Amino acid sequence: MGLSFTRPWWLLLLPLAVYFAWLWRGDPWFLGAVRRRLVLAVRLAIFFALVLALAGAQLVYLIGRQAVVFVADRSLSADGCRPQIEQWIAEAMNYAGRDDLAAVVSFGANAMVELPMSRDFQRFAQLQAVVESSHSSPAAGLRLAAAMLPSGYRRRVVVLTDGLENLGDALTQAARLRSQGIRVDVYPIGTERGQDLLVEALTVPPNLREGERFSAVVELVSSYETEALLRLYCDRRLIAQQVVRVSPGHQRLLIPLEAGESGFRTYQVRVTAAADGLTLNNEAWALSQVQGKPSVLIIEGQPGDGTNLARSLSGAGVRWELRPAASFPASLGELQSFGSLVLANVPADALSDTAMEMIEYYVRDLGRGLVMLGGEESFGPGGYFRTPVERALPVWMDLRGKGELPNLGLVLVIDKSGSMGGGSAGLTKMDLAKEAALRATEILGEQDQVGVIAFDSTYRWVVPLQSSDDLVGIQNLIASIRADGGTNIYPGLAAAYQALRTADTKLRHIILLTDGQSATGGDYEELTADMREAGITLSTVAVGQDADTALMSRLAELGEGRYYYTNQLAAIPRIFTKETILANRSYLVNASFVPALAAPSAIIEPLLERGVAPLTGYVATSPKAAATVVLVSHQDEPILATWQYGLGRSVAWTPDASGRWSALWLTGAGYQSFWSNLVAWTLPSVETDGTSVVVTSEAGRGCITLETHHLEEGTGRSMARVIGPDLAVQEVELVASGPGLYRGDFDASAPGAYLLQVVQGDPANPALSRTAGTVVPYSPEYRRSGVDQHYLTQLAVAGGGSVLMSPAESFSDNLPRTSGQLPLARLLLALAAVLWPVDVAVRKLFLAIGDWVTLWTRWRRRSAGSTPGGKATLASTLRQARREQIAESPPLTPTAPAVNEEESTGTTVPPARARGQAAPPSTTSETLAQRMARLKRAKEEAAERWNRER
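Residues numbered from 1 in each chain as written. Predicted model: local features only at pLDDT ≥ 70, side-chain atom pairs only at ≥ 80, totals over all residues. Heavy atoms only, no water.

J.: Please explain the overall build of the protein chain as it appears in this structure.
T.: A tally of helices and strands in the protein chain yields 23 helices and 44 strands. Summing over all exposed atoms, the protein chain offers an accessible surface of approximately 45,000 Å²; the carbon and sulfur share of this is 53%. (Helix = DSSP H or I, 4+ residues; strand = E, 2+ residues; numbered from the N terminus. Areas by Shrake-Rupley, 256 points an atom, 1.4 Å probe, with all protein chains shown as cover.)

Here it is, written out as structure tokens:
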């Protein structure tokens, strides 16, 4: 126990107590010696209480109670130890004292509270917090534990971990806690993974030249001897494969390779071995940029659709690669190695949804080029309505503002049998059929008519044939379709015919969709003959292997429409939109005309002197507002349109390149330059030297560092678009952190390759554009297993603790002695407040001992009935005593027949006695005037004596 002060300089006022003691020694003079000393003591006590309160007096005492935080490792390397950790903590809490506190924290890459600081240890049952387990950061757990520990306790942190730290610096954090008086103890937990072969790293040169020979370095770590099959991929294509003998320990393999074409190349290595305990660490990635001339990838829908363009590019010295749609690049990294992409009459259903999303990212975010060439399977007739590819092109797939087009009557006959309720990935065939119907209605104009029939064993009109002007109402009705019942095609198809044959439209079309076989037959030959006679066409869509493909194909043939078969549910909406567009034959324009120049462009400069050749057809589209329409048809529709989309450029050439509509444009003089200019306009600009982009990743975060000294102030914002391995796009702003230095970070939690495009300034005309990338390996938690005893010992020493052997040690009495402080300021102020009226009472209240005895006796005698509650109060007792004193006093005899008001007050006051002087004798015969004169003389004599003494 002791006393301390938070503001000790106020103690300098204490010597003033001597001065106040001398000043107050004889005051007040009319009191006796004992009462004067009592007044002096009370005043000095008030003074000392106020000074000590100002000085921040506090009582210091030793603390014995403990507060303990258990920090549990929840990273992947300790995932199997969770029951052991829970049991150990629960047992340790049984050894806590009555006044002890405990809390529980879990950590991985971050830290979360499992149990807040509490004495109710029964609240902890199991570890439930969700932490990022891909990394292990004991430092994060120590920081959170230190923040939770309260003052007024002896403090301890117990870390339960395997010691396989891969994020943060727990040793430094433990030393910091030790300096704060917090002990850090460690308990080792962990399990051995058993036999394990892992790929520690794959290394390739970050920059290569085309055709350059190099070696890929594969680093393996194995805990046992085995044979393993090693496969090496470049852009998901297998380029090397070999069987290797792996010995326990670290092994380094060199695989000779040759750099291919220019662009970013993603390399991936996979290792497969028997009896491998963990396969999640059997692959690694690397990224390399191959420098060289940009090449063009040409995807053709049918053989020959892109051949003429390839020949023209060869004559102009442009590198190209021609592929069918089935060989479209499987990854964005592979696609990104090409400077531009050409789609030559490729239908949308030949490309997957992922491929079309990749094309949009490729243009918008990576700054590459896109060219779409026309044909019967391109643009709107190809089914690109409302797809990512349409967003990237400068034209719309539908015809907007064309009121003179022939109106269309369209009836959708959709199977809603019970089998349509099946599907995958949370989507049923019925869901996609309804989505397809919704898209089809969006293509129609207000002058068109639409109807929807849903059939199972019977049929019903979901949307009676009507004008498509009430689009919202029609779509709400379509959304109400539910899958149920059997399958009977003929009645619904016949009802669609009956409705359309009297429809007041120039074009009439039926789309039939089913995934099964009809339970009953019908005279389809007669029905389709009636359709042909009424000018009604029929297209059919068979979904899945259970569909009656023979009947559906025959119906499309008899109905002079198109037959589609798909087992990819996602293709259903694209097929419907394509059919709806093809039903309106105005999209394919077959007419001879000479295109007119609508806007100047470097693409057609070689043709201006000679004049442009005529065309014999094209695909009708609608230009977007921001597009530049270079050439137009005789109907003022786009023939050649260009625009900037994000960081890249795209071109729409609505005639074909196979020779059907543009034969003279492929053979005429000067047209070779036109085709090379068309593609070259979309190629990314040449990068400027002196600028570097460095991309790194750690603990699930990627960091972009742009360094350039060629930009002027006011160029604009620096941005980066990052495309992850799952094709998710992140837009990152790069913030200036120094002269010519810009930084930003992004989420890089998923392993794989990350490609990014860095631009500065206006994205449409950037002052700087760079492409970069990085690879994120698998979690470092998969690299090691077991327990790092040496690290745990270091951690315990840094925290001033030890490696625990049992749960009982968690509350051992081995913590540094600590003390607590009890502030006394409020108590001292309260004491001064209480003593203040005591000082007044001692000086002003004149009651002798006999008076107190009398009051006590009378109070005891009358206490039962003095008050309504049966208890006498001091005030009532004093009033009663005064009444009795007045009653016992002898009456005063007046000397005059009349007195004034002051003389008739009734009671008398005895004169004050001088110190040491006896009271003068009083007689009962003394008159009032005589008594007043005597009192006046006594007062004057007392005043003279007091003046002499002062």
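Having seen it, we continue.
J.: Help me out: how do you make sense of the sheet that holds strand 40 (residues 741-747) in this one?
T.: Two modes of strand pairing occur in sheets, parallel and antiparallel, and in both the strands are linked by backbone hydrogen bonds. Overall, antiparallel pairing links the 7 strands, which are arranged 36-37-40-39-38-41-42 in an open sheet. Of all strands in the sheet, those with a lone pairing partner are strand 36 (691-698) and strand 42 (768-776), marking the two edges. Going across the sheet, the axis of each strand differs from the next one's by a mean of 25°, ignoring polarity. Strand direction decides the pairing type here: strand 38 (residues 718-723) and strand 41 (residues 752-760), joined by 6 bridges, are antiparallel. Looking at the pairing, I723 lines up with L755 of strand 41. (Pairing = 2+ DSSP bridges. Axes fitted to C-alpha atoms, helices over the stretch in contact; angles between N-to-C directions.)

J.: I keep staring at the sheet that holds strand 10 (residues 213-222) and nothing clicks. Help me out?
T.: Taken in spatial order, the 3 strands make up an open sheet running 8-10-13, and their pairing is antiparallel. Edge positions in the open sheet fall to strand 8 (197-203) and strand 13 (249-258), since each of these has one partner strand only. Strand-to-strand, the axes of this sheet are offset by a mean angle of 25°, without reference to chain direction.

J.: How should the packing of helix 2 (residues 33-54) against helix 20 (residues 825-844) be read in this particular structure?
T.: Packed helices, taken two at a time, are described by the angle between their axes plus the distance between the axes. Close contact between helix 2 and helix 20 brings their axes to 8 Å; oriented N to C, the two are set at 160°. Classed by the angle they form, the pair helix 2 and helix 20 counts as roughly antiparallel. In terms of crossing hand, the pair formed by helix 2 and helix 20 is left-handed. In this structure, helix 2 uses R35, L38, V39, V42, R43, A45, I46, A49, L50, L52 and A53 to contact helix 20, whose residues at the interface are A825, L828, L829, L831, A832, L835, W836, V838, D839, A841, V842 and R843. Taken together, the residues of the contact of helix 2 with helix 20 break down into 19 nonpolar, no polar and 4 charged. (Parallel < 35°, antiparallel > 145°, perpendicular 65-115°, else oblique. Left-handed = near helix turned anticlockwise from the far one by under 90°. Contact = heavy atoms within 4.5 Å. Nonpolar A, V, L, I, M, F, W, Y, C, P; charged D, E, K, R; others polar.)

J.: Even after reading the chapter, I still don't get unusual backbone geometry, so can you show me in this structure?
T.: It is generally the case that most residues other than glycine have a negative phi and that most peptide bonds are trans. Even without glycine at this site, N345 takes up a positive phi of about 55°. For N345, the position within the fold is in the loop between strand 18 (340-344) and helix 8 (353-364). With a relative accessible area of 12%, N345 lands in the buried category. Located in the positive-phi region is R386, a residue other than glycine, with phi close to 55°. We classify R386 as partly exposed; its relative accessible area is 46%. (Buried < 20%, exposed > 50% of the residue type's maximum accessible area, 1.4 Å probe, protein only.)

J.: Any chance you could explain the pattern of salt bridges here in plain terms?
T.: One side chain can pair with another of opposite charge once the charged atoms of both are near each other. In total, this model carries 25 salt bridges according to the counting rule given. In this structure, E525 and R554 form a salt bridge, with 3.5 Å as the shortest nitrogen-oxygen distance. In this pair, E525 is assigned in helix 13 (residues 524-533) and R554 in helix 14 (residues 549-558), connecting sequence segments 29 residues apart. The closest approach of N and O atoms between R721 and E731, which form a salt bridge, is 2.9 Å. Residue R721 is located in strand 38, and its partner E731 is located in strand 39 (residues 729-738); the two are separated by 10 residues in the primary sequence. Via salt bridges that share partners, E360, R364, D365, R391, R721 and E731 belong to a single interconnected network. (Salt bridge = Lys/Arg side-chain N within 4 Å of Asp/Glu carboxyl O.)

J.: What is the right way to read the confidence of the model for the protein chain from this model?
T.: Predicted coordinates in regions of low pLDDT should not be interpreted in detail. Residue-level pLDDT values for the protein chain average 82, and 87% of them are 70 or greater. Scored below 50 in pLDDT, residues 866-871 shows 8 contacts in the model against residues more than four places distant or in partner chains. Scored below 50 in pLDDT, residues 895-919 shows 17 contacts in the model against residues more than four places distant or in partner chains. (pLDDT = per-residue confidence, 0-100.)

J.: Where do I start with the environment of T705 in this structure?
T.: Checked against the element boundaries, T705 lands in strand 37 (residues 701-708). For the pair formed by T705 and S737, sequence separation is 32 residues and the distance between their alpha carbons is 9.7 Å. When near neighbours in sequence (up to four residues on either side) are disregarded, T705 contacts S692, V693, V694, L741, Y742 and R743.

J.: How should I be thinking about helix 4 (residues 138-148) in this particular structure?
T.: Owing to its 3.6 residues per turn, the α-helix aligns residues three or four sequence positions apart on the same side. For helix 4, the tally of buried residues reaches 8 of 11 residues, placing the bulk of the element in the interior. Turning to helix 4, its buried residues number three or more, namely P138, A139, A140, G141, L142, A145, A146 and M148.

J.: Any chance you could explain the environment of V834 here in plain terms?
T.: Structurally, V834 can be placed in helix 20. On the basis of relative accessibility, which here comes to 53%, the residue V834 falls in the exposed class. When the C-alpha atoms of V834 and I46 are compared, they prove to be 9.1 Å apart, with 788 residues separating the residues in sequence.

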